[in-house]
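Residue-level structural notes
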Amino acid sequence: MIRHLLKLAWNRKRANALILVEIFFSFLVVFAVALQAVYLWTNLRRPLGFDVEDAWTVTMEMDRPADEDATRRQIETFARVLREAERLDRVERVAGAMVVPYSDESRTEGLSKEPETGTAPPPVSVEIDEVTDGFADVVDLDLVSGRWFEPADAALAWMPVVLDLEAARVLFGDEDPVGRWLAQEPDRPRRRVVGVVSDFRQHGELSGPQPYMFERVSVTEPSHRTPRNLVLKMAPGTTADYEEAILARLRGVAPEWTFGVKALDVVRGTNLRLRVIPLGAVALIAAFLLAMVALGLTGVLWQNVVQRTREIGLRRANGATRTAIHRQVVGELMMMTTSAVALGTLLVVQLPILELLGSLSPEVFSAGLVAALTLIYALTAVCALYPSWMAGRVQPAEALRWE
Amino acid sequence: MIRLENVSKVYRTDRVETLALDNVNLEIEPGDFVAVMGPSGCGKSTLLNLMGLLDEPSEGKVALDGRAIERYQDRHLARLRNEKIGFIFQQFHLVSDLSVVDNVEIPLLYRRTSNRERRRRALAALDRVGLSSRVHHFPTQLSGGQQQRVAIARAIVGGPKVLLADEPTGNLDSQMGDEVMEILEELNEDGATVVMVTHDGRLAQRTHRTVRLFDGRQVH
Amino acid sequence: MLRNYLKIALKVLLRRKFFTAISLFGISLTLVVLMVTTALFDHVFAPHPPETRLDRTLGIYTLRLEGEGSRSSGFPGYAFLEQTARDLPGAERMTIYSLQQRAVSYPDRRKVLSWLKRTDGEFWNVLDFRFVEGGPFTAEDEANGHFVAVINETTRERFFGPDTQAVGRPIELDGQRYRVVGVVEDVPFLRFSAFADVWVPISTKASTAYRHEIRGGFQALILADSEEAKPLIREELQSRVADFQFPDPDEFQVAYTGADTLFEALSRMLLPEAAHQAQPGRLLTILLTMAVLFMVLPAVNLTNLNLSRILERTSEIGVRKAFGGSTRELVGQFLVENVVLTLLGGAIGLALSALALGAIEESGLIPYAELTLNPRIFLWGLAMALFFAVLSGVYPAWRMARMSPVRALRGRST
């Protein structure tokens, strides 16, 4: 039976061309969306590396310092602001950070480990945040090995850094990074790894894996850039109106700065929305296209059935049951779908082969492919339902009576 | 083989009721070669449809091979048609997208036969009608007479006991018509019961007996 | 004659209800998408209060700076606009304003977020706001750094409750206290230049650094004397930009911007090749191409469905031709069917679009959206429906014309 249907479908290829093209293109569209969705979903399931429950952030806008004196004054003001924030009664812990979790900003650098011998390996892009000692506590970082920053580090001649697992993996492979040096970069102090935390994904639950590193900010060193944000761990149950109190207090300490307060939950919301909205828009367009294709497909199948009424009548006369006719209509369509998606699969498989998909893991790619295939088969099966039902209802006597 | 008892058939459309067959009684023995004649619109095709289980009578009973056909499900009717009946139509009704041998295989698709067995029987049937050299051609590449012979091969490939032919020579010239008639006679001699609708009197004469219909009723 | 065609057309369409239903669904869905997009487009670019004088308005919306090894794409700073946009020949008025930003307030222990825009006094003369209470602040207020504010109706309700007067009362935003001097009708979010919840003078900004910045979150609007004056303004601005003296010549050496329409500015922002010069023509081409591509799939499907409608009636067409029916009559009949079908689909699409736009308004995705189907959008919708009718009818009509009566009577359509 299958061979028979295959021969039939092959012989009718000209008539079937339109269906094939439409299925082919819808497969590509569905694949694009499915891949995105699977990617986001896999990301969602990975650990985040921090916790922003009851964490608020204070943004600080300050003029760019004109000279060294101004820079020193800025750091001193910052230290005062930090102390004042700690004194607030509903604030449990405070830290300063250049960039806060869920924010869109980032600073990246190409880093490599300092080799024992020979030249350094090629640099890898790592995201960096400059934070004060309190940061690990405020956002609940998960220390895996080594230690976090401590006040005594202020006396060190070099800058201590903490890597996350992803950064440790890409920079040091299987070796233990604690105690190792990073290759010297021009205009940067010598950096040494003192600890490793679990994977830190600053850009939120939907972002992909990203090597991350923390640099220590000293509140006494004037040569350092002033962190732009405070992260506060609030006492549980603090309501939004407390923000006013925080702002009033901090403005009192630094009246020439502009402060803003936001719960990190809110920042998270914005972050998620920003990532989901483009996908949502694309999915909407894809849904429209699929609806169009589904309509076109159903129409063409229906047209097919009408044109082949005599053939259906003939088969029924020769002993085909209604079910057999249903199966023929659906089966023919499934064959066409298979050829169309086979071609489509061949095409999309080129993407990872030609390395156009960068960091996408093969598991994500295959999952996306499987999802797309399932959807397209489901779609075409649904499109075949009504036409196949109509085909089954063809009365052989009438169908064969035509002149 | 086939028996019709007080069979009537009424067609109803939105506004019109047509009495196609009126109280027909007919009995056809195994091995019979029967011609059904009558003017256009007298119900000949309807009669054939009922005999071929393609339709149900509005009144009366139809029996095939000793078994009364009453309230049969679509599945059972389909199987009966597949096993016991072969159809031959005036317009041939070949599937133009399939080759000759694929067309002939069609009845065997709806049975459990292996690919190889199907192919063997189809080729045998084509050989029987003298078309072994055109096995892989397409219907559009054949003459009218050849197409009808393919249709006959398709009708006999399943080894049916009854052949129902609706004006089988209607679209053919007299020479091709004669060839087709000869094959039908041979098949009848080999044991098939043949019922043929025609309005060619000469052909009717070559059969065992003729049933005449006028306005849905039997006349003599 | 036409009535005859119409009667037959309706009969034909009702005969194959499933086909008709699918075609209608396809047309209406496509039209909904196209109409909603058109409505949004119209909403952004067409004149609409308070931007009522768009034919005379040009804006400096973007700024691109390039130097050796560094480039920056963003918005102009106050200093840049002061130096280049003041007193342009042919300009009746000019205003500088900041991009809207979030400001937080805590009235009665609640947290309220408002969009805050800082403007000069001329802002109210260039744009046409509708005041329901009080009036705007003036250039004098701005020069003296008065802490006054104009708020919209929604803000008035949020801070002071419904059905109250707000003029003269204080309002606190981002820790700064202002006195309300006027209340305006809500401005739709998509009117970017004008939009905000609260407008305050620029000089109330906490830090005065903005006065020296050539890059920053500001824009300028120029109201020309007349439409003819616009090219003059553009030219003069270009020459000023070309002669611009950078405070830090080491960082950047060249500036690119212009006195643009909103669409031109959009092209600068979206197209990499428009970094130096606005390419509105190119943007339009790209958008139209996308629209056309978008319509290809529905058009192809529709053509196919129409074709099958014709092929189904092959013998009927053969008969008509054999009895002397001219091709013109047959094609005319077919076109009427097509137009009826598409107009029907269009009507459904229109109704659905109204619903969709209403839903978008309700959802609050675009604050203060007023997405209504004005006559202009309706006509566009009609035009698109007819375009589809013609497009999807050409090929089937051609097939029908080519059918030979003899073959058609036999059931062969070619």
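The model shown is predicted, which means the values in this text are computed figures rather than measured ones. (Residues numbered from 1 in each chain as written. Chains lettered and ligands numbered in written order. Predicted model: local features only at pLDDT ≥ 70, side-chain atom pairs only at ≥ 80, totals over all residues.)

On to the interface of chain C and chain A, then. Each partner contributes residues to the interface: chain C has 22 residues there, and chain A has 24 residues. Put simply, the parts of the chain that give the side of chain C that touches chain A at least two residues each are α2 (17-45) and α9 (280-312) of chain C. Here the side of chain C that touches chain A is built from residues that sort into 13 nonpolar, six polar and three charged. (Contact = placed C-beta atoms within 7 Å. Helix = DSSP H or I, 4+ residues; strand = E, 2+ residues; numbered from the N terminus. Nonpolar A, V, L, I, M, F, W, Y, C, P; charged D, E, K, R; others polar.)

As a further point, take the interface of chain B and chain A. On the side of chain A, 22 residues touch chain B, which itself brings 23 residues to the contact. Residue assignment for the side of chain B that touches chain A shows that the elements contributing at least two residues are α1 (44-51), α2 (74-84) and α3 (100-109) of chain B. A total of six residues in the side of chain B that touches chain A trace back to one element, the largest contributor, which is α2 of chain B. Here the residues of the side of chain B that touches chain A sort into ten nonpolar, six polar and seven charged.

The omega angle of the peptide bond from P49 of chain C to P50 of chain C is 0°, so this bond is cis rather than trans. Turning to its location among the elements, P50 of chain C is positioned in the loop between α2 and β1 (57-60). Look at L53 of chain B: it is not a glycine, yet its phi comes out positive at around 60°. Within the element layout of this structure, L53 of chain B appears in the loop between α1 and β4 (59-64). Its identity as a non-glycine residue notwithstanding, D163 of chain C has a phi of 55°, on the positive side. For D163 of chain C, the position within the fold is in the loop between α6 (153-160) and β9 (170-173). Judged by the 7 C-beta atoms lying within 10 Å of it, D163 of chain C falls in the exposed class. (Buried ≥ 20, exposed ≤ 12 C-beta atoms within 10 Å, placed from the backbone.)

A separate point is helix α6 (residues 242-253) of chain A. Residues and elements named next belong to chain A. For α6, which comprises twelve residues, the first-to-last C-alpha distance of 17 Å matches the rise-based estimate of 16 Å (1.5 Å per residue) to within 8%. Residues Y242, E243, I246 and L250 constitute the buried set of α6. On an axial view of α6, the arc spanned by its buried residues comes to 105°, and they lie on one face. Seen from the open side of α6, the exposed residues pointing more than 90 degrees away from its buried face are A248 and G252. For α6, the elements touching its buried residues are β1 (55-61), α3 (68-87) and β10 (258-263). (Expected span 1.5 Å × (residues − 1). Arc of directions from axis to C-beta.)

This part takes up the sheet that holds strand β10 (residues 217-219) of chain B. Residue and element names in this part refer to chain B. What the six strands build is an open sheet, ordered β6-β7-β8-β3-β9-β10; its pairing is mixed. The sheet terminates laterally at β6 (85-88) and β10, the two strands that pair on one side only. Shown here is a sheet whose adjacent strand axes are inclined to one another by a mean of 25°, direction ignored. Two elements, strand β9 (residues 209-214) and β10, share three bridges in a ladder whose sense is antiparallel. What sits directly across from L213, in β10, is Q218. In the packing of α1 onto the sheet, the strands contacted are β3 (33-37), β7 (162-166), β8 (193-197) and β9, and the crossing angle to β8 comes to about 155°. Sheet strands touched by helix α6 (residues 174-189): β3, β7 and β8. Its angle to β8, the strand with the most contacts, is close to 150°. (Pairing = 2+ DSSP bridges. Axes fitted to C-alpha atoms, helices over the stretch in contact; angles between N-to-C directions.)

All right, on to the environment of S132 of chain B then. Residue and element names in this part refer to chain B. Within the element layout of this structure, S132 appears in the loop between α4 (115-128) and α5 (144-156). Along the sequence, S132 and V101 sit 31 residues apart, while their C-alpha atoms lie 9.4 Å from each other. Those residues within four positions of S132 in sequence are excluded, and the remaining contacts are L126 and D127.

With that settled, the discussion passes to the domain arrangement of chain A. A common way to express how large an interface is: the accessible area buried when the components associate. Residue and element names in this part refer to chain A. Segmentation of chain A into domains returns domain 1 (2-46 + 276-401) and domain 2 (63-256). A straight line from the C-alpha centre of domain 1 to that of domain 2 covers 52 Å. Facing five residues of domain 1, the contacting portion of domain 2 comprises five residues. For the side of domain 1 that touches domain 2, the per-class residue count stands at two nonpolar, two polar and one charged. (Domains from an automatic or database assignment.)

What follows covers the environment of Q219 of chain C. Residues and elements named next belong to chain C. For Q219, the position within the fold is in strand β12 (residues 218-224). Sequence separation between Q219 and T57 is 162 residues, and the spatial gap between their C-alpha atoms is 13 Å. With residues up to four places along the chain from it excluded, the contact list for Q219 reads G59, I60, Y61, F75, P76, Y97, L99 and S193.

It is worth spelling out the sheet that holds strand β2 (residues 17-28) of chain B at this point. Residues and elements named next belong to chain B. Across the sheet, which stays open at both edges, the four strands sit in the order β2-β1-β4-β5 with antiparallel pairing between neighbours. At either margin of the open sheet sits one strand with a lone partner, and together these are β2 and β5 (67-69). Each neighbouring strand pair of the sheet contributes to a mean axis angle of 30°, computed without reference to strand direction. Pairing between β4 and β5: three bridges, direction antiparallel. Within β5, the position partnered with A63 by the bridge is A68.

Here we take up the pairing of β2 of chain B. Strand residues, when the strand is regular, have side chains that alternate between the two faces of the sheet. Residue and element names in this part refer to chain B. Relative to β2, strand β1 (residues 2-12) runs antiparallel, the two sharing eight bridges. What sits directly across from K9, in β2, is L21. What sits between β1 and β2 in their antiparallel hairpin is a turn of four residues.

Time to look at the packing of α5 of chain B against α6 of chain B. Angle between the axes and distance between the axes: these two values describe a pair of packed helices. All names here are of chain B. Close contact between α5 and α6 brings their axes to 9 Å; oriented N to C, the two are set at 15°. By the angle class used here, α5 and α6 are roughly parallel. Between α5 and α6 the crossing geometry is right-handed. The residues of α6 that touch α5, namely those facing G144, G145, Q148, R149, I152 and I156, are M176, E179, V180, I183 and L187. (Parallel < 35°, antiparallel > 145°, perpendicular 65-115°, else oblique. Left-handed = near helix turned anticlockwise from the far one by under 90°.)

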